[in-house]
Amino acid sequence: LPTQGSLLYLDTLHAAFPRALAPRGTALLSWAPHHRCAPAGWPLPSLYCTPAEAGSVPSRAAALRVQLLFALQQRALRVLEAALPTELLDALVTLRCAWPELAQDLALGTLRPQPGLPEGLRVQLQALLPPNAARAAELRAECARGFEGIVRRLWPQLEVVVVGTAHGTEQLYCDALRQAECKGLPFYCPFYHAARALLGVNLWPEEPAPRFLLCPDWAFCEFLPCPAEEEPQTVLLGELWEGREYGLVLTARPGEYRCRAGEVLRVTGFHKQCPVVEPVRRESQALSVRGESIPEERFCRSLCRAVGMWPGARLVDYVCVESALLGASSGACAPHYEVFVELRGLRDLSEGQRYKLDQCLQEDFPIYKSFRFKGSIGPLRLHMVGAGAFARLREALGKPIPMPRVLREERLLQLIQSSVIS
């Protein structure tokens, strides 16, 4: 990460949230077994109440649980930081499921043995965890009241949630957190990365939709106008037009290969002659059973629209499986989508409600509607899974669910199928 990027982030965070840079006022939730610095990329240990060793635990689930325990110990948090929204979401799922054990560990100053946590590292981390009976009692009282807005109740001085990625389908997790555990808190995504290179910084932390100032010295960027022309010619930063979309062509450092990053950006304006962009989509992420190629983020948008027609429902997560991958369990009809969703606020769906998603897809994608009319794509099948099913799936993967959300490993398909409740 360029030093300039770190300084811009710290200055922007301080300007918007003046108390955010308090010593030991940031809790980190990030699994990075091979890196001991924060996702933002700089070693500033005085900002964090989370020991660096907590992120190097070999198991993702164990690492997030340990980091959550250290975060709970610190009542005066100002910033909750996660490399990915899914890491914050999974840590809060752990809080929902295991708060009595976490409260006991806080009260006694112990770190109980758990799978994926080496004994030597456990003892080392436990030495940093003094007993705190008062904080444990507060944790029990707040969790007993429920988990709506739990983050702000546990950390009343918290000002902002910082996440490494908050655009594309990652926005789904941010929305789920905003509506439940993190209600009332702003989310700030400071940096825009693509192809392992830092390209821009977000100077507007209080805006709900992240947009990024492209910095010309961090990587060499070229842009292909969208839609693609017959003989496409790349343009440079100074040739971009406001309101247009461009595909990103990236040369990260001198000597590296020049390549299409697979990212599509929209220019929303300019800041001191530098373009300000928002990520629109990733070109390679598409769902398809008949070559219809539905972009991942647009499928997600249709799904969210359908969920909005189910009173009281909140979408937590989803996965889409091609029917051929499920074999006989998917039925004998034409190839179709099998969609598994985790919802809150709704226990069951009627057949009419289930059909809403297929209807939304037909309205949003004429090619899908055409295939459905011809019978070459069968009716979409929608399944609800139990609470925490996707957290267990990410634990089995050891990473976020890949994009596009089409599972292909038999063991993962079996795991998600075993969680179906209707």
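Rules behind the numbers
- Residues numbered from 1 in each chain as written.
- Predicted model: local features only at pLDDT ≥ 70, side-chain atom pairs only at ≥ 80, totals over all residues.
- Heavy atoms only, no water.
- Helix = DSSP H or I, 4+ residues; strand = E, 2+ residues; numbered from the N terminus.
- Buried < 20%, exposed > 50% of the residue type's maximum accessible area, 1.4 Å probe, protein only.
- 1 Å grid on protein atoms, 1.4 Å probe; cavity = no way out; pocket = protein on both sides within 12 Å on 5 of 7 lines; lining within 4 Å.
- Points joined across faces, edges and corners; volume = space filled by probe spheres on them.
- Nonpolar A, V, L, I, M, F, W, Y, C, P; charged D, E, K, R; others polar.
- Core = buried A, V, L, I, M, F, W, Y, C linked by side-chain atoms within 4.5 Å.
- Domains from an automatic or database assignment.
- Contact = heavy atoms within 4.5 Å.
- Pairing = 2+ DSSP bridges.
- Axes fitted to C-alpha atoms, helices over the stretch in contact; angles between N-to-C directions.
- Arc of directions from axis to C-beta.

- Going by an unreviewed UniProt entry, the protein carries the name GHDC protein and comes from Probosciger aterrimus.

1. Some points on unusual backbone geometry
Reasoning step 1: Geometrically, the link from Cys226 to Pro227 is a cis peptide bond, its omega value of -5° lying close to zero.
Reasoning step 2: By secondary structure assignment, the location of Pro227 is in the loop between β8 (220–226) and β9 (245–251).
Reasoning step 3: Even without being a glycine, Ser293 presents a positive backbone phi close to 55°.
Reasoning step 4: Within the secondary structure, Ser293 sits in the loop between β12 (286–287) and β13 (294–295).
Reasoning step 5: Judged by its relative accessible area of 42%, Ser293 is partly exposed.

2. Quick word on the layout of surface pockets
Reasoning step 1: Counted as a void, the second largest pocket has a volume near 600 Å³.
Reasoning step 2: Taken together, 26 residues form the lining of the second largest pocket, with Gly168, Gln171, Leu172, Asp175 and Arg301 sitting closest to its centre.
Reasoning step 3: The residue makeup of the lining of the second largest pocket, split by class, is 13 nonpolar, five polar and eight charged.

3. A few points about the nonpolar core
Reasoning step 1: Core analysis: the biggest nonpolar cluster contains 67 residues, and Leu80, Leu88, Leu95 and Leu199 have the highest contact counts within it.
Reasoning step 2: Looking at which element gives the most residues to this core, the answer is helix α2 (residues 60–73), with nine residues.
Reasoning step 3: In terms of domain composition, this core takes at least three residues from each of domain 1 (3–189) and domain 2 (213–283).
Reasoning step 4: If we skip the residues at most four places from it in the chain, Leu199 touches Tyr192, Ala194, Leu213, Leu214, Cys215, Trp218, Ala219, Cys221, Leu248 and Leu250.
Reasoning step 5: Leu287, Leu303, Leu357 and Tyr368 belong to the second-largest nonpolar core, a separate cluster that totals 31 residues.

4. Some words on the environment of Ala391
Reasoning step 1: Note that Ala391 resides in helix α11 (residues 389–397).
Reasoning step 2: On the basis of relative accessibility, which here comes to 13%, the residue Ala391 falls in the buried class.
Reasoning step 3: Put simply, Ala391 and Leu89 are 302 residues apart on the chain and 8.3 Å apart in space, counted from C-alpha to C-alpha.
Reasoning step 4: Residue contacts for Ala391: discarding those within four places in its chain leaves Asp90 and Val93.

5. Quick notes on the sheet that holds strand β5 (residues 191–194)
Reasoning step 1: In space, the seven strands of this open sheet follow the order β5-β6-β7-β11-β10-β9-β8, with antiparallel pairing throughout. Looking along the sheet, the strands with just one partner apiece sit at the ends: β5 and β8. Sheet twist, expressed as the mean angle between neighbouring strand axes with direction ignored, is 50°.
Reasoning step 2: In this sheet, strand β11 (residues 274–282) lies alongside strand β10 (residues 259–271) in antiparallel orientation, the contact comprising eight bridges. Paired with Gly269 across the bridge in β11 is Val276.

6. Overview of the sheet that holds strand β3 (residues 160–163)
Reasoning step 1: One open sheet accounts for four strands, arranged β1-β2-β3-β4; its pairing is parallel. If you trace the sheet from one side to the other, it starts and ends with β1 (26–29) and β4 (187–188), each paired once.
Reasoning step 2: With four bridges joining them, β1 and strand β2 (residues 79–82) adopt parallel strand pairing. Looking at the pairing, Ala27 lines up with Leu80 of β2.

7. Brief notes about helix α12 (residues 410–417)
Reasoning step 1: Taken as a whole, α12 has its buried residues at Leu412, Leu413 and Ile416. For α12, the angular spread of the buried residues around the axis is 100°, confining them to a single face.
Reasoning step 2: On its buried face, α12 sits against β14 (314–322), β15 (337–344) and α11.

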